[in-house]
Amino acid sequence: MRAARLLTIASATLLIAVTSSALGDLTAQVPGAVALNGTVNSEEEGKMEGVVVNARRDGANFTVSVVSDAQGKYSVPRTHLEPGKYALTIRAVGYDLSDPGLVDVPAGEAASRDLALKKTHDLASQLSSLEWVMSVPGTTEQKDMLVYQAASCAYCHTLERVMKSKHTAERLVQAMHRMQTYYYDGTAVNKDNSRGRGQKNMPAQVAAAEKNPNWGPIPGVSKNELADYLATVNLSGARTTWPYELKTLPRPKGQATRVIITQYDMPRAGTVAHDLDVDSKGIPWYTDESRMFVGKMDPKTGKFTEYPLPPVPPGDLPGARDIQVDQDDNLWFPRRIAGGATVLTKFDPKTEHVSTLEGAGGQFMALGPDGKIWAGWKRVDPKAMKIEASYSWNNSPNLPPGQHGQYVDLTVVNSKGNPYAPDFRGSHIIGIDATTGEAKFWPTPTRNSMPRRGRMDAQDRFWFAEYTGDMIGMFDTRTEKFQEWPVRKYTTPYAASVPDKNGYAYATSNMSERLLRLDPKTGEIIEYQIPTDFDSKKIAYDPTTRGVTLWMANTRNARITKVEPLD
């Protein structure tokens with residue numbers, strides 16, 4: 001198992017300097033605070049703002065990334081780089097890096113390396129899925145069909161794979177049949193195809209998928225219809241290039257450049273970590289949708305440790321999904337067992353003992369303010385390992401007409417102990433009075449917004465992502481009122497966080513490969529560019545750091561991602 005040693009947390013003085021001034025000014029603020037700096041230039045633009053600069057030490061299992069400022073300057077603090085030889089790479093759509101060679105970062109003084117960028121000859125390989133959607137011709141209805149699917153093409157891989165394909169419409173339908181024989185939450189493929197694995201589905205589900213004419217859960221969207229459209233925008237036929245202009249998003253500017261992002265490689269490239277949570281010591285824990293283990297990563301050393309779980313019978317679908325740390329730092333998650341069923345599982349990190357509670361499976365976990373564990377709509381006493389209460393909404397006389405389902409067991413709990421969940425298909429928020437059992441339904445202000453994952457804050461406000469509404473939403477469970485903030489069209493935010501200690505909320509987007517930060521007071525949204533492919537289903541805050549630190553599992557490329565905003 002690979003390991004990398006990180007420097008210990010710096011002194012309070014240095015931390016204040018890092019979080020209160022631009023990285024480019026660190027040298028003036030604190031002598032020795034900077035490990036590596038330089039300027040990013042190109043012939044076309046001169047000094048370049050918004051270029052992501054990545055530094056990776058030889059033999060390390062993590063990469064540290066910063067972003068150049070308005071003067072083209074980048075700077076990596078000493079807290080994040082130990083002495084050694086580093087390879088530098090960049091992410092700036094439309095540009096490649098002229099090889100700068102290895103950089104020797106000494107102890108006690110800053111290394112300097114200016115970076116020269118040149119126009120790329122392969123722009124298509126640099127586009128995010130959102131940029132492909134911006135580029136391709138098509139009606140709003142056709143683009144909506146392509147993007148707004150829970151199991152869309154961009155769920156398991158980027159749209160680059162589709163647009164570079166030479167498949168005819170007929171062959172695209174055959175490919176869709178084949179892809180639907182895989183369990184999509186146990187599959188992840190990144191741009192360079194070097195990570196991920198396809199996890200076979202259960203036989204009965206495979207047979208059903210092959211007979212299913214629809215692609216994704218949205219009624220009326222057929223494989224044939226989607227394939228006919230894709231065959232007009234890919235490289236099928238005799239086309240060797242795309243008969244349309246490739247468009248790009250603007251690079252980060254201003255506050256969006258003030259961030260440090262660190263990505264840690266998991267021990268196995270095929271790991272598909274759907275979820276992550278952080279314990280009281282700041283240790284991130286994760287599960288794998290395609291294998292039977294639970295793992296952790298020590299942020300001080302970069303060392304991963306994985307613990308095996310009881311195996312499933314041969315031929316059955318393995319893995320575990322959501323993960324929740326309780327008030328005693330025990331881990332709770334739904335674990336698969338024979339026949340594709342799940343059981344609620346508790347893992348004690350102190351003893352490494354695995355306990356199982358029958359009758360409480362599902363997909364998602366939550367922690368109530370009273371310390372109770374919620375497995376979907378079941379409330380569990382974690383001390384007694386007993387189901388205390390079970391609730392249901394689908395037989396309620398208040399149930400609105402129409403389709404409902406998916407994510408409806410992704411409960412969050414307010415201070416009164418009442419559970420709430422997003423109704424993805426019905427575009428409602430569902431709430432149940434834990435005392436009376438009465439269910440209520442509130443439609444999101446934006447119709448067909450498909451609310452997805454989120455969290456409950458200390459003021460009893462449920463913050464959630466609106467996937468097809470391209471919104472960050474908030475439902476105040478005390479006043480029963482909504483508030484929504486729009487994001488860029490086709491961003492499809494997947495998960496949202498509660499506001500951090502500075503009042504900012506966050507949302508993830510695998511379409512743009514960016515992390516969005518919302519100021520709820522002004523509605524301003526800035527977008528942090530993630531250095532690699534990006535697909536994260538859940539956001540967790542580190543309770544041990546002075547500044548704001550977010551942790552996420554990057555499902556797309558088997559990495560744990562740490563984001564440290566500097567404002």
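Residues numbered from 1 in each chain as written. Predicted model: local features only at pLDDT ≥ 70, side-chain atom pairs only at ≥ 80, totals over all residues. Heavy atoms only, no water.

### Describing the packing of helix 7 (residues 169-179) against helix 9 (residues 223-230)
Geometry of a packed helix pair, given as the angle between the helix axes and the separation of the axes.
And then number 1: Between helix 7 and helix 9, the shortest axis-to-axis distance is 8 Å and the interhelical angle comes to 130 degrees. Between helix 7 and helix 9, the angle is such that the two are oblique. In terms of crossing hand, the pair formed by helix 7 and helix 9 is right-handed. Facing A169, L172, V173, M176 and H177 of helix 7, the residues of helix 9 in contact are K223, N224, L226, A227, D228 and L230.
And then number 2: Tallied by class, residues from the contact of helix 7 with helix 9 come to seven nonpolar, two polar and two charged. (Axes fitted to C-alpha atoms, helices over the stretch in contact; angles between N-to-C directions. Helix = DSSP H or I, 4+ residues; strand = E, 2+ residues; numbered from the N terminus. Parallel < 35°, antiparallel > 145°, perpendicular 65-115°, else oblique. Left-handed = near helix turned anticlockwise from the far one by under 90°. Contact = heavy atoms within 4.5 Å. Nonpolar A, V, L, I, M, F, W, Y, C, P; charged D, E, K, R; others polar.)

### Side note on the nonpolar core
And then number 1: The biggest cluster of nonpolar side chains holds 41 residues, and the ones touching the most others in it are L36, L115, L117 and I560.
And then number 2: If sequence neighbours within four positions are ignored, I560 has contacts with T262, Q263, Y264, M266, L276, Y286, M297, F304, W551 and M552.
And then number 3: Core analysis: the second largest hydrophobic core is formed by 34 residues, V93, L146, A169 and L249 among them. (Core = buried A, V, L, I, M, F, W, Y, C linked by side-chain atoms within 4.5 Å. Buried < 20%, exposed > 50% of the residue type's maximum accessible area, 1.4 Å probe, protein only.)

### Some thoughts on the side chain of T468
And then number 1: In this structure, T468 sits in the loop between strand 29 (461-466) and strand 30 (471-476).
And then number 2: At 2.5 Å, the side chain of T468 forms a polar contact with the backbone oxygen of N448. (Polar contact = N/O pair within 3.5 Å; in protein donor to acceptor, adjacent residues only side chain to side chain.)

### Regarding the sheet that holds strand 15 (residues 303-308)
And then number 1: A sheet is described by the order of its strands in space; here four strands give the open sequence 12-13-14-15, paired in antiparallel fashion. Looking at the sheet topology across the chains shown, the edges are occupied by strand 12 (276-278) and strand 15. Pairs of neighbouring strands in the sheet enclose a mean axial angle of 25 degrees, with direction left out of account. (Pairing = 2+ DSSP bridges.)

### A look at helix 7
And then number 1: Taken together, the buried positions of helix 7 are A169, L172, V173, A175 and M176. Along helix 7, the residues classed as buried sweep out an arc of 160 degrees about the axis, all on the same side.
And then number 2: Lining the buried residues of helix 7 we find helix 9. (Arc of directions from axis to C-beta.)

### With respect to the environment of P213
And then number 1: Tracing the backbone through its elements, the reader meets P213 in the loop between helix 8 (203-211) and helix 9.
And then number 2: A residue is classified by how much of its surface remains accessible, and P213, at 54% relative accessible area, is exposed.
And then number 3: In this structure P213 touches S222 and K223, once residues within four positions along its chain are discounted.

### Topic: the environment of I526
And then number 1: Mapped onto the fold, I526 is located in strand 34 (residues 525-529).
And then number 2: Each C-alpha atom, one on I526 and one on Q255, is 7.2 Å from the other, the two residues being 271 residues apart in sequence.
And then number 3: Ignoring sequence-local partners within four residues, the contact set of I526 consists of Q255, A256, L515, L516 and R517.

### Side note on helix 4 (residues 140-147)
Two residues of an α-helix separated by three or four positions point the same way, owing to the 3.6 residues in each turn.
And then number 1: Where helix 4 is concerned, the buried positions are K143, M145, L146 and V147.
And then number 2: Elements that come into contact with the buried residues of helix 4 comprise helix 3 (129-135), helix 5 (153-156), helix 6 (160-163) and helix 9.

### A closer look at the packing of helix 4 against helix 9
And then number 1: Where helix 4 meets helix 9, the closest approach of the two axes is 10 Å, and the angle between their N-to-C directions is 115 degrees. Between helix 4 and helix 9, the interaxial angle falls into the category roughly perpendicular. Between helix 4 and helix 9 lies a crossing whose hand is left-handed. Across the interface between the two elements, Q142, K143, M145 and L146 from helix 4 touch E225, L226, Y229 and L230 from helix 9.
And then number 2: Along the lines of polarity and charge, the residues of the contact of helix 4 with helix 9 split into five nonpolar, one polar and two charged.

### Considering the side chain of D329
And then number 1: For D329, the location among the structural elements is in the loop between strand 16 (324-325) and strand 17 (331-336).
And then number 2: Among the polar contacts made by the side chain of D329, one reaches the side chain of K281 at a distance of 3.5 Å.
And then number 3: D329 has contacts with D279, S280, K281 and P349, leaving out every residue within four places of it along the chain.

### Here we look at the confidence of the model for the chain
And then number 1: Across the chain, the average pLDDT comes to 90, with 89% of residues at or above 70.
And then number 2: This model gives residues 193-197 a pLDDT under 50, and the stretch forms 19 contacts once residues within four places in sequence are excluded. (pLDDT = per-residue confidence, 0-100.)

### Some points on the pairing of strand 10 (residues 115-119)
Every other side chain in a regular strand lies on the same face of the sheet, so the side chains alternate between the two faces.
And then number 1: As paired elements, strand 1 (residues 34-42) and strand 10 share three bridges and run parallel to each other. The residue bridging S42 from the neighbouring strand is L117, located in strand 10.

### What about unusual backbone geometry?
Trans is the common state for peptide bonds, and a negative phi is the common state for residues other than glycine.
And then number 1: Located in the positive-phi region is M385, a residue other than glycine, with phi close to 50 degrees.
And then number 2: Following the sequence through the fold, M385 ends up in the loop between strand 22 (378-381) and strand 23 (386-390).

### Some remarks on the pairing of strand 31 (residues 481-486)
And then number 1: Here strand 30 pairs with strand 31 via six bridges, running antiparallel. Note on strand 31: the bridge partner recorded for G473 is E484.
And then number 2: In sequence, strand 30 turns back onto strand 31 through a hairpin of four residues, with E480 there showing a positive phi of about 60 degrees.

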